[in-house]
Amino acid sequence: MKKLIFALGLIGILFTSCGDSPKKTEQVTDDKTTNSTAIAEKPLLALADFDSKAGNWINKEVQVKGIVDHVCKHGGKKLLLVNDKADVHVESEERFDDALVGSEILVTGIVKEFRVDEAYCLQKEEDHQQSHKDGTDSDEMYAKKMEQITFFRDSMKAAKVDHLSFYSLDYISHKVEKEAEEATEEKQENKE
Amino acid sequence: MKTLRKWSRILHRDIGYFFIGTTLIYALSGIALNHINDWNPNYSVEVNKFKTTIELNKDDNIKEHIKNLLQEVAPRAVYKKHYYPQKNLLKIFLKGGSSIVVNTVSGNGRAEFLKKRPVFYQSNFLHYNPHKWWMWFSDAFAGALILFAVTSFFMVKGPKGMRGRGGIYTALGFIVPLLFLYFLL
């Protein structure tokens with residue numbers, strides 16, 4: 001019995017030695033959840049205009065509203081925000097809740113630019129050839145990846161530019177938008 | 001040495017008992033997430049194909065029409081949101097992660113109903129460190145695994161211990177990952 005108490009005591013020590021840190025992290029979590037006052041101060045970009053206007057907001061905070069189409073199943077740290085007209089990828093350092101899928105949310109995030117240029121295409125071409133040679137990529141996959149590079153090159157050529165810019169959002173926080181009807185239902189549920 | 005052996009056994013056994021549940025959680029979710037490209041480890045997906053005559057083009061009454069469609073193809077489902085990913089394609093989100101996609105011209109549709117996989121969903125949820133407190137607990141578990149490895153050196157004496165069979169197995173256990181590193185890195 002004494003031995004059991006000793007073993008449990010040891011486990012206890014392991015926990016108490018880390019006791020004060022969670023408070024800090026909870027605070028971080030609180031900051032990450034919605035603070036409507038803070039969110040209200042950020043410029044709101046229409047999702048449909050995101051690709052055309054994001055270039056003016058690189059590395060700056062903006063808000064974008066859309067429906068969560070899906071959360072990446074590999075790690076859950078990316079989601080796709082959509083509406084009838086456009087979509088934007090949102091990336092986070094923490095996992096998104098699966099339950100967000102299908103919800104309309106207002107995301108606050110920092111606009112990030114990803115540039116595709118000839119150097120990128122050459123590097124990717126080399127990587128794909130290597131993966132194909134190693135047997136990691138099937139013939140079909142290899143052909144698909146190479147097609148994408150051709151598409152990038154054709155797009156640059158057609159637009160007469162030396163690079164293509166793709167924009168995404170680095171997640172800061174979000175607020176779930178509720179429709180009037182949904183909010184009324186919840187109020188009624190709470191009353192009951 | 002005798003005391004060390006005695007305490008190695010006690011700690012290995014009792015802390016081992018304590019972490020049996022956690023070991024199973026990480027083992028199950030580890031296998032589940034290792035094969036994430038081959039299956040959905042959190043949900044089982046039931047796909048129902050259907051054809052509808054309900055008008056689903058974008059107009060002011062679309063929500064009413066969607067409700068009618070749900071009555072037809074998924075009476076128990078709860079509508080969440082919808083949008084048109086393409087001109088003739090409507091995607092309807094349902095509570096619980098399920099969704100329906102309908103071609104508004106042909107009326108052909110596909111409903112994907114998600115159902116949480118019992119045990120796996122919960123294990124995977126914990127595997128992804130949902131909370132800081134769980135992170136500390138799982139750190140303690142990782143510490144305990146190191147302790148199990150260290151105490152196993154001293155637990156058994158003689159030909160079955162580290163100077164005999166135990167030592168050979170331990171060496172093999174190191175060689176396998178080293179071979180992977182040699183060939184893959």
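Conventions we followed
Residues numbered from 1 in each chain as written. Chains lettered and ligands numbered in written order. Predicted model: local features only at pLDDT ≥ 70, side-chain atom pairs only at ≥ 80, totals over all residues. Helix = DSSP H or I, 4+ residues; strand = E, 2+ residues; numbered from the N terminus. Buried ≥ 20, exposed ≤ 12 C-beta atoms within 10 Å, placed from the backbone. Contact = placed C-beta atoms within 7 Å. Arc of directions from axis to C-beta. Pairing = 2+ DSSP bridges. pLDDT = per-residue confidence, 0-100. Domains from an automatic or database assignment. Expected span 1.5 Å × (residues − 1).

Quick word on the overall build of chain A
Then step 1. A tally of regular secondary structure across chain A gives 7 helices and 6 strands.
Then step 2. Its helices and strands taken in sequence order, chain A reads α-α-α-β-α-β-β-β-β-α-α-β-α from the N to the C terminus.
Then step 3. Residues classed as buried in chain A amount to 17% of the 192 residues present.
Then step 4. In chain A, the share of contacts with a sequence separation of at least 24, taken over all contacts with a separation of at least 6, comes to 64%.

Quick notes on helix 4 (residues 120-127) of chain B
All names here are of chain B.
Then step 1. All buried positions along helix 4 are accounted for by F120, S123 and N124. All buried residues of helix 4 fall inside an arc of 95° around its axis, so they share one side.
Then step 2. Buried residues belonging to helix 4 abut helix 2 (20-34).
Then step 3. Phi for N129, located one or two positions after helix 4, is positive at around 50°.

Remarks on unusual backbone geometry
Then step 1. Here K160 of chain A, not a glycine, exhibits a phi torsion of approximately 55°, which is positive.
Then step 2. Despite not being glycine, N129 of chain B shows a phi value in the positive range, around 50°.
Then step 3. On the secondary structure map, N129 of chain B appears in the loop between helix 4 and helix 5 (132-155).
Then step 4. Overall, the presence of 16 C-beta atoms within 10 Å leaves N129 of chain B in the partly exposed class.

Here's the deal with the pairing of strand 2 (residues 61-71) of chain A
Both faces of the sheet carry side chains from a regular strand, because those side chains alternate between them.
All names here are of chain A.
Then step 1. Where strand 1 (residues 44-45) lies against strand 2, 2 bridges are found, and the strand directions are parallel. Directly across from L44, in strand 2, lies its bridge partner Q63.
Then step 2. Note that strand 2 and strand 5 (residues 104-117) share 7 bridges and pair antiparallel. What sits directly across from V62, in strand 5, is G109.
Then step 3. In this sheet, strand 3 (residues 78-82) lies alongside strand 2 in antiparallel orientation, the contact comprising 4 bridges. The residue bridging I67 from the neighbouring strand is V82, located in strand 3.
Then step 4. Counted between consecutive antiparallel strands, the loop separating strand 2 from strand 3 contains 6 residues, among which G75 sits at a positive phi close to 95°.

Thoughts on the environment of F154 of chain B
Residue and element names in this part refer to chain B.
Then step 1. In this fold, F154 is placed in helix 5.
Then step 2. Looking at F154, the number of C-beta atoms within 10 Å reads 18, which means it is partly exposed.
Then step 3. Between the C-alpha atoms of F154 and K2, which are 152 residues apart in sequence, the distance is 9.2 Å.
Then step 4. Ignoring anything within four residues of it in the chain, the contact list for F154 reads L4, R5 and S8.

Here's the deal with the confidence of the model for chain B
Then step 1. When pLDDT is averaged along chain B, the result is 94, and 100% of the positions lie at 70 or above.
Then step 2. Scored by ipTM, the complex comes to 0.74, with pTM at 0.73.

What about the domain arrangement of chain B?
Then step 1. Its domain assignment divides chain B into domain 1 (2-39 + 119-184) and domain 2 (43-116).
Then step 2. Inter-centroid distance (C-alpha atoms) of domain 1 of chain B to domain 2 of chain B is 46 Å.

Looking at the pairing of strand 3 of chain A
Then step 1. In strand 3 of chain A, alternate side chains face the same way, and those of L79 and L81 of chain A are buried while those of K78, L80 and V82 of chain A on the opposite face are not.
Then step 2. Here strand 3 of chain A hands over to strand 4 (residues 87-91) of chain A after 4 residues, the two strands then running antiparallel side by side.

A closer look at helix 2 of chain B
Residues and elements named next belong to chain B.
Then step 1. Look at helix 2: 21 Å from first C-alpha to last across 15 residues, which is about the 21 Å you get at 1.5 Å a residue.
Then step 2. Within the sequence span of helix 2, burial applies to I25, S29 and A32. The buried residues of helix 2 occupy an angular sector of 55° when the element is viewed end-on, so they sit on one face. Looking at helix 2, the residues exposed on the side facing more than 90 degrees away from the buried face are I20, L24, A27, G30, I31 and N34.
Then step 3. Looking at the buried side of helix 2, the elements it contacts are helix 4.

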